Amino acid sequence: MVTVVTKLVHYLHLSRRSGQYTMNHDHAKKIPDGASFDRSGSQDSLDELSMEDYWKELENIHETRGNNHEEGVALVVKEPDEGELEEEWLKEAGLSNLFGESSGDSQESMVFLSTLTRTQRAAVEKRVETITQTLRKKNKQHQIPDVRDIFRLQNDSKGKVCDGGEPSTVRTSENKNEAHDGTKGPKFNLGTDEQKSMLEVMPSSDTDINLEISFAEQAANLKDSSVGNMCKGGGGDTLLPNFRLPKDKTGTTKIGDLAPQDMKKVYSLALIELTALYDILGTEFKQQKAVKVKTKDSGLFGVPLSILLEQDQKKVPGTKIPLIFQKLIAQIEETTLETEGLLRIPGVATRVKTLCQELEAKFYEGTFNWENVKQHDAASLLKLFIRELPQPLLTVEYLKAFQDVQNLPTRKQQLQALNLLVLLLPEANRDTLKVLLEFLQRVIDHRDKNKMTLKNVAMVMAPNLFTFHGFGSKTIEQSEFVMAAGTANVMRFMIQYQKLLWTIPKFIVNQVRKQNTERQKKEKKDKAMKKLLKKMAYDREKHEKQEKTPNDTDVPQGVIRVQAPHLSKVSMAIQLTEELKAGDIVARFLSQKSGNVQTLNKEEVFLYEIGGNIGERCLDDDTYMKDLYQLNPNAEWVIKPKQS
């Protein structure tokens, strides 16, 4: 295996002058001896010299794997049967009760479906239709409702009928007109015809990332227009667009700002949105499925992230990043990040192997001598840790989807897809990836000294994230070489735009708000019916009213009551103004100091929006409170430390 790979790498290295690298997916099936390597298929104009770092890193990886470590059991990726992929997709999207034995109990799904945009609905309909046809072929008796009937039912309940036409543009920002039930309050317009022209009239720049409108809806609109080539192609660091997020007066929502129950909804919506985006752009989206194989249940290298964190949390309660991962990064930074060739120059292979064995034996005992670890050795160990994970850091399910980002037409759409993919990663993988990308950016910040530019770092790190040994040698020989430039560009995107990638799009947050609002309406109706049928005790109802009365009567219109149980001033009535921001309220509370209460800094406490149409949301300091109050008038407002 190592001999074959080394020979191929050497060939590619020698062929660099003639531009004969293979970058085209059409050539992935076979690389015959003496074949010419055509790099014209790459969508990016990365020069051949820069690719040398990629091939060199790949060669180092295979030498390390062959000489220093036993080959692990290759992860088996199951090829799904017809309809199985779609069935799994619906389960992941939280819509499994649209088919099978539980298909009759779909009220929760009806609420969920009512919040989808038209392109999202089309994605769901396409998958359900595939399952329907498959089960008919297999003569199974599962009850599967026609998706057109599902959407017609939920639209009829609102006096509207989805015409099933072309996807319309969707604006999901707040609307201060009457709600569907006739009451005054925030209204979320998702897929309605009257919003069709909103995208066209909204001023925007090619480098503005619009988070208010569904990415798939934007793609559908762009597909029908004549502006389909913006931000295409690319090359060096300076050619990457300076994408930015326009200011949102209701605040930017980052991963970690929402309560777990709302993040579950975000996951389902992100999966449907990503699928809809890929459908519109004509890119196949297939989740891979790994068959479980036996893995190590202790140790450091080759151990699943979940087991590592379980071990580490016994040592450091609450830790979310593997301790060995944190320590290796700290060890690299302890010397200096100005070392030339940092991350590119490998450590001595025999020494890295010995260090790896010693770490396995002594790390948790606290007896490992870190003074013996040279900087390049620590960098090699860090990359080894990533490669040796039993499943890729980007997960088996979504590794191919990350790779396929390179095939999307525009850079903006590539960035949008990466944003959604980050939302789909398990928490442990996402947190570890975030720490890695932040570290890589710090390395790049010293590029004048260490000569490691964004492009260089991406070239070195891409093989470690995208060349996953668990898929076996066939994948490495036939696929990874042809995808070299593409995966390196995806790596560049993840490093360059990492702050944008950890933002939850506003249209998804608004869909979560809509789901919560609809669920609360349903719960109120159900509760009223139960009270009527079971003649529930009136004293409980009276008690609930007594608890609600003070807020309704004591707080005048245009004023909110903010609670701060951790501060000396535990409650304050705040008059809302056009310019009042969340940071101003926190600063006002912190100015009320008392010696009896523990002093907290401004960086340690945040204003939270709790209840109403959201579970819980940590607000950024620039959130305009009057605008947010109009979006969620029933929320409570609490200042507290952010949970890590």
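Presented here is an overview of the structure given in this document.

Conventions adopted
Residues numbered from 1 in each chain as written. Predicted model: local features only at pLDDT ≥ 70, side-chain atom pairs only at ≥ 80, totals over all residues. Heavy atoms only, no water. Pairing = 2+ DSSP bridges. Helix = DSSP H or I, 4+ residues; strand = E, 2+ residues; numbered from the N terminus. Expected span 1.5 Å × (residues − 1). Buried < 20%, exposed > 50% of the residue type's maximum accessible area, 1.4 Å probe, protein only. Core = buried A, V, L, I, M, F, W, Y, C linked by side-chain atoms within 4.5 Å. Domains from an automatic or database assignment. Contact = heavy atoms within 4.5 Å. 1 Å grid on protein atoms, 1.4 Å probe; cavity = no way out; pocket = protein on both sides within 12 Å on 5 of 7 lines; lining within 4 Å. Points joined across faces, edges and corners; volume = space filled by probe spheres on them. Nonpolar A, V, L, I, M, F, W, Y, C, P; charged D, E, K, R; others polar. Axes fitted to C-alpha atoms, helices over the stretch in contact; angles between N-to-C directions. Left-handed = near helix turned anticlockwise from the far one by under 90°. Polar contact = N/O pair within 3.5 Å; in protein donor to acceptor, adjacent residues only side chain to side chain. Parallel < 35°, antiparallel > 145°, perpendicular 65-115°, else oblique. Phe/Tyr/Trp six-rings, centres within 6.5 Å; stacked < 30°, edge-to-face > 60°. Lys NZ or Arg CZ within 6 Å of the ring centre and 35° of its normal.

### Considerations on the pairing of strand 9 (residues 636-641)
Then, number 1: Here 2 bridges tie strand 5 (residues 559-563) to strand 9, and the two strands are oriented parallel to one another. The residue of strand 9 that forms the bridge with Val562 is Trp637.
Then, number 2: Pairing of strand 7 (residues 605-611) with strand 9, which is carried by 6 bridges, proceeds in the antiparallel orientation. If you follow Glu609 over to strand 9, its bridge partner there is Trp637.

### Points about helix 5 (residues 118-137)
Then, number 1: With 20 residues, helix 5 extends 28 Å from end C-alpha to end C-alpha; this agrees with the ideal 28 Å at 1.5 Å per step.
Then, number 2: Those residues of helix 5 that fall on the buried side of the exposure criterion are Arg118, Thr119, Gln120, Arg121, Ala123, Val124, Arg127, Val128, Ile131, Thr132, Thr134 and Leu135.

### Topic: the nonpolar core
Then, number 1: Membership of the largest hydrophobic core comes to 125 residues, with the highest contact counts inside it found for Val124, Leu343, Leu440, Leu465, Phe466, Met491 and Met494.
Then, number 2: Among the elements that take part in this core, helix 9 (residues 260-280) stands out by supplying 11 residues, more than any other.
Then, number 3: In this structure, this core is formed jointly by two domains, domain 1 (77-99 + 107-139 + 211-216 + 259-287) and domain 2 (305-471 + 480-504), each of which donates at least three residues.
Then, number 4: Not counting residues up to four positions away in its chain, the partners in contact with Leu465 are Ile386, Leu394, Leu399, Leu433, Leu436, Met491 and Met494.
Then, number 5: If you look at the next biggest cluster of nonpolar residues, it comprises 22 residues, including Leu619, Leu628, Trp637 and Ile639.

### What about helix 18 (residues 454-466)?
Then, number 1: With 13 residues, helix 18 extends 17 Å between its outermost C-alpha atoms, agreeing within 8% with the 18 Å of an ideal straight helix rising 1.5 Å per residue.
Then, number 2: A large share of helix 18 lies buried, amounting to 13 of its 13 residues.

### As for the pairing of strand 6 (residues 571-575)
Then, number 1: Covered by surrounding structure in strand 6 are Met572 and Ile574 only, the residues Ser571, Ala573 and Gln575 on the alternate face being uncovered.
Then, number 2: Looking at chain direction, strand 5 and strand 6 are connected through 5 bridges and run antiparallel. Bridging from a neighbouring strand, Val559 pairs with Gln575 of strand 6.

### Focus: the environment of Asn429
Then, number 1: Assignment of secondary structure puts Asn429 in helix 16 (residues 427-444).
Then, number 2: Along the chain, Asn429 and Leu305 lie 124 residues apart, while their C-alpha atoms are 7.5 Å from each other.

### Here's the deal with empty space enclosed by the protein
Then, number 1: Inspection of every chain in the model, using the stated rule, returns 3 cavities of 30 Å³ or more.
Then, number 2: Roughly 40 Å³ of internal volume is contained in the largest cavity.
Then, number 3: Taken together, Ile209, Leu211, Phe215, Leu245, Leu415, Gln416, Asn419 and Leu500 form the lining of the largest cavity.
Then, number 4: Among the elements that make up the lining of the largest cavity, the one with the highest residue count is helix 15 (residues 411-424) (3 residues).
Then, number 5: Residue classes in the lining of the largest cavity are distributed as 6 nonpolar, 2 polar and no charged.

### Focus on the packing of helix 13 (residues 375-387) against helix 18
Then, number 1: Between helix 13 and helix 18, the shortest axis-to-axis distance is 8 Å and the interhelical angle comes to 30°. Helix 18 is crossed by helix 13, and the crossing has right-handed handedness. Contacts between helix 13 and helix 18 involve Lys383, Ile386 and Arg387 on the former and, on the latter, Val460, Met461, Asn464 and Leu465.
Then, number 2: Split by residue class, the contact of helix 13 with helix 18 holds 4 nonpolar, 1 polar and 2 charged.

### Digging into the side chain of Asn419
Then, number 1: Along the chain, the position of Asn419 falls in helix 15.
Then, number 2: The exposure class of Asn419 is buried, given its relative accessible area of 4%.
Then, number 3: A polar side-chain atom of Asn419 sits 2.9 Å from the main-chain carbonyl oxygen of Thr503.
Then, number 4: Beyond its immediate sequence surroundings of up to four residues, Asn419 is in contact with Leu211, Phe215, Leu500, Leu501, Thr503 and Pro505.

### A few points about the environment of Thr319
Then, number 1: The residue Thr319 is located in the loop between helix 10 (305-315) and helix 11 (323-335) in this model.
Then, number 2: A residue is classified by how much of its surface remains accessible, and Thr319, at 8% relative accessible area, is buried.
Then, number 3: Along the sequence, Thr319 and Leu309 sit 10 residues apart, while their C-alpha atoms lie 7.3 Å from each other.
Then, number 4: When neighbours within four sequence positions are excluded, Thr319 is seen to be in contact with Leu309, Asp312, Gln313 and Gln326.
Then, number 5: Here the side chain of Thr319 touches Ile321 through a polar contact of 3.2 Å, landing on its backbone oxygen.

### Comments concerning the packing of helix 8 (residues 215-223) against helix 9
The description of two packed helices rests on the angle between their axes and on the distance between the axes.
Then, number 1: Here helix 8 crosses helix 9 at 15°, and the two axes come no closer than 8 Å. Overall, the two elements helix 8 and helix 9 adopt an arrangement that is roughly parallel. You can see that helix 8 and helix 9 cross each other, and the crossing is left-handed. Of the residues in helix 9, those touching helix 8 at Phe215, Ala216, Ala219, Ala220 and Lys223 are Glu273, Ala276, Leu277 and Ile280.
Then, number 2: Taken together, the residues of the contact of helix 8 with helix 9 break down into 7 nonpolar, no polar and 2 charged.

### Remarks on the packing of aromatic side chains
In this description, an aromatic ring pair is defined by two values, namely the gap between the centres and the angle between the planes.
Then, number 1: Applying the stated criterion across every chain, the model contains 10 aromatic pairs.
Then, number 2: Here the aromatic rings of Phe243 and Tyr497 are separated by 5.4 Å at their centres, their planes lie at 55°, and the arrangement is tilted. Linking Phe243 in the loop between helix 8 and helix 9 with Tyr497 in the loop between helix 20 (484-496) and helix 21 (498-501), this pair joins segments that are 254 residues apart in sequence.
Then, number 3: Of the residues examined, Phe243 reaches a relative accessible area of 6% and is grouped as buried.
Then, number 4: Classification of Tyr497 as buried rests on a relative accessible area of 3%.
Then, number 5: Note on Phe368 and Trp370: the rings are 4.8 Å apart at their centroids and 75° apart in plane angle, and the pair reads as edge-to-face. Both residues of the pair, Phe368 and Trp370, belong to the buried class.
Then, number 6: Above the ring of Trp89, the side-chain terminus of Arg127 is found at 5.5 Å from the ring centroid.
Then, number 7: Across from the ring centre of Trp370, 5.2 Å away, lies the NZ or CZ of Lys327, which sits over that ring.

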